[in-house]
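Secondary and tertiary structure notes
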Amino acid sequence: VELNTIKYNVAVSECAKGGQWDRALRFLVEMASARVELNTITFNAAVSSCEKGARWAKAVGLLVEMASARVDMNTITFN
């Protein structure tokens with residue numbers, strides 16, 4: 001099974017729903033290692049998972065990383 005951005009986004013989103021911020025962040029690392037594109041949806045889901053886990057510093061770090069990678073931010077990003 002080829003893991004692509006959409007499949008990873010589903011996994012990261014499910015981590016956010018389940019409050020598994022650490023697992024969501026591991027998926028981001030795995031995506032980068034596999035050279036799978038991290039997009040707005042990926043980052044938004046990861047930020048959401050950190051928010052639900054009260055990991056504010058990690059959430060802010062993701063926003064910085066998102067800006068550095070020039071990934072578009074939207075209203076969900078800042079919600």
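Nothing here was measured: the structure is a model prediction, and the numbers come from that model.

So, on to the side chain of Thr40. Position of Thr40 relative to the elements: it lies in helix H3 (residues 40–52). Under the relative-accessibility criterion, Thr40 is labelled buried at 18%. Apart from residues lying up to four places away in sequence, Thr40 is in contact with Met66, Val71, Asp72, Asn74 and Thr77.

A word on the pattern of salt bridges. What the rule picks out here adds up to 2 salt bridges. Across the pair Lys17 and Glu14 runs a salt bridge whose closest N-O atoms are separated by 3.2 Å. One end of the pair, Lys17, and the other, Glu14, are both in helix H1 (residues 5–17), 3 residues apart, so they sit about a helical turn from each other. For Lys17, a relative accessible area of 62% puts it in the exposed group. The shortest N-O distance in the salt bridge between Asp22 and Arg26 comes to 3.8 Å. Of the two residues, Asp22 and Arg26 both sit in helix H2 (residues 21–33), 4 residues apart, roughly one turn of that helix. Judged by relative accessible area, which is 37%, Asp22 ranks as partly exposed.

The rules behind each value
In this convention, every chain numbers its residues from 1, walking through the sequence in written order. Local features in a predicted model are, by the rule used here, given only for residues with pLDDT of at least 70; side-chain atom pairs are given and counted only at 80 or more, and totals for whole chains, interfaces and linings are based on all residues. For side-chain calculations, the full set of non-hydrogen atoms in the structure is used, while hydrogens and water are omitted. Put simply, DSSP H or I for four residues or longer makes a helix, DSSP E for two residues or longer makes a strand, and each gets a number counted from the N terminus. Throughout this description, buried means an accessible area under 20% of the type-specific maximum (1.4 Å probe, protein chains only), exposed means over 50%, and partly exposed covers the range between. When checking whether two residues touch, look at their non-hydrogen atoms; a contact exists if any pair is within 4.5 Å. Any Lys or Arg side-chain nitrogen found within 4 Å of a carboxyl oxygen on Asp or Glu counts as a salt bridge.

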